[in-house]
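Single-letter residue listing:
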Amino acid sequence: VALPQIQHPVSTYLNFPCALSGRCYPSSPELHDPICRKVFNKKRKPFSSMKQRLQGTEIMTIRKQHPQKKQLEKKSNWRQHHEDFINAIRSAKEVTKALKEGRPLPPPPPPSINPDYIQCPYCSRTFNEAAAERHIKFEEQAFRRAFAAKTTRPMVSKHSHTCLALPWRQIC
């Protein structure tokens with residue numbers, strides 16, 4: 001089915017193409033060029049609706065909008081996680097096979113080392129960043145307390161006869 005073609009009336013205006021914007025205008029280029037240059041030479045600021053909304057209120061003087069910092073994205077180590085998962089499944093299959101056949105159990109797979117974890121210098125355990133920060137502070141305080149207790153404790157022999165003077169202690 002052929003669509004009927006619509007005939008457009010011939011324009012009486014001559015359209016002049018603009019060198020800057022590429023658009024065609026019915027007015028002469030001499031009138032259009034200064035306006036177009038003015039528009040294209042200005043760099044527009046991004047519009048902030050919050051700034052306009054708060055303008056003229058007390059909140060505008062108190063609260064300043066800080067630019068958001070881009071957070072660094074951590075690299076995903078999905079491949080390492082996938083390989084660890086596959087190895088865990090294989091070792092579990094070997095264990096079930098050994099149990100069915102009555103053979104001794106195979107050695108457990110080596111533990112996977114997560115590169116994102118931080119090791120505690122006091123107890124050598126590993127934690128994620130937030131937990132490591134809390135744990136290491138606690139371990140450091142505990143270590144200082146234990147070290148202070150060792151240095152301030154008077155050196156007394158294991159069996160002291162001061163216990164005889166105490167009424168609730170009858171026998172040494």
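That block above? That's the structure.
Rules of the game
- Residues numbered from 1 in each chain as written.
- Predicted model: local features only at pLDDT ≥ 70, side-chain atom pairs only at ≥ 80, totals over all residues.
- Heavy atoms only, no water.
- Salt bridge = Lys/Arg side-chain N within 4 Å of Asp/Glu carboxyl O.
- Helix = DSSP H or I, 4+ residues; strand = E, 2+ residues; numbered from the N terminus.
- Buried < 20%, exposed > 50% of the residue type's maximum accessible area, 1.4 Å probe, protein only.
- Phe/Tyr/Trp six-rings, centres within 6.5 Å; stacked < 30°, edge-to-face > 60°.
- 1 Å grid on protein atoms, 1.4 Å probe; cavity = no way out; pocket = protein on both sides within 12 Å on 5 of 7 lines; lining within 4 Å.
- Points joined across faces, edges and corners; volume = space filled by probe spheres on them.
- Nonpolar A, V, L, I, M, F, W, Y, C, P; charged D, E, K, R; others polar.
- Lys, Arg positive; Asp, Glu negative; His and termini not counted.
- Contact = heavy atoms within 4.5 Å.
- Disulfide = S-S within 2.5 Å.

Draft legend 1. A look at the pattern of salt bridges. Taken as a whole and assessed by the stated rule, the structure comprises two salt bridges. Here Glu140 and Arg144 are joined by a salt bridge, their closest N and O atoms 2.9 Å apart. Linking Glu140 with Arg144, this pair stays in helix α5 (residues 129-152), spanning four residues, or about one helical turn. The exposure class of Glu140 is partly exposed, given its relative accessible area of 27%. Arg144 gets classed as exposed once you look at its relative accessible area, which sits at 55%.

Draft legend 2. Representation of the packing of aromatic side chains in the model. Counted by the stated rule, this structure contains two aromatic pairs. With centroids separated by 5.5 Å and ring planes inclined at 40 degrees, the aromatic side chains of Tyr122 and Phe143 adopt a geometry described as tilted. Here Tyr122 is found in the loop between β3 (118-119) and β4 (126-127), whereas its partner Phe143 is found in helix α5, with 21 residues between them in sequence. For Tyr122, a relative accessible area of 36% translates into the label partly exposed. Centroid distance Phe143 to Phe147: 6.5 Å. Interplanar angle 15 degrees. Geometry classified as stacked. Here Phe147 and Phe143 lie together in helix α5, a separation of four residues that amounts to about one turn. Grouping aromatic residues by their ring pairs yields a cluster made of Tyr122, Phe143 and Phe147.

Draft legend 3. Up close: the layout of surface pockets. The volume enclosed by the largest pocket comes to roughly 210 Å³. If you go around the largest pocket, the residues you meet are Arg44, Lys45, Pro46, Phe47, Ser48, Lys51 and Gln52. Broken down by class, the residue content of the lining of the largest pocket amounts to two nonpolar, two polar and three charged. Here the second largest pocket is characterised by a volume of approximately 180 Å³. Lining the second largest pocket are Asp84, Asn87, Ala88, Arg90, Ser91, Pro109, Pro110, Pro111 and Ser112. When the residues that make up the lining of the second largest pocket are grouped by side-chain class, the tally is four nonpolar, three polar and two charged.

Draft legend 4. Layout of the environment of Ser27. With respect to the helices and strands, Ser27 occurs in the loop between β2 (24-25) and α1 (29-41). The exposure class of Ser27 is partly exposed, given its relative accessible area of 30%.

Draft legend 5. View of the side chain of Glu139. Within the element layout of this structure, Glu139 appears in helix α5. Within the buried core, Glu139 has no salt-bridge partner, and the shortest N-O distance to an opposite charge, that of Arg125, equals 5.2 Å. For Glu139, the residues in contact, after removing those within four places along its chain, are Cys120, Tyr122 and Cys123.

Draft legend 6. A look at the state of the cysteines. Taken as a whole and assessed by the stated rule, the structure comprises zero disulfides. Left unpaired, Cys123 is separated from the closest cysteine sulfur, that of Cys120, by 3.7 Å. When its relative accessible area of 29% is taken as the criterion, Cys123 is described as partly exposed.

By themselves, these figures tell us nothing about what the structure is for.
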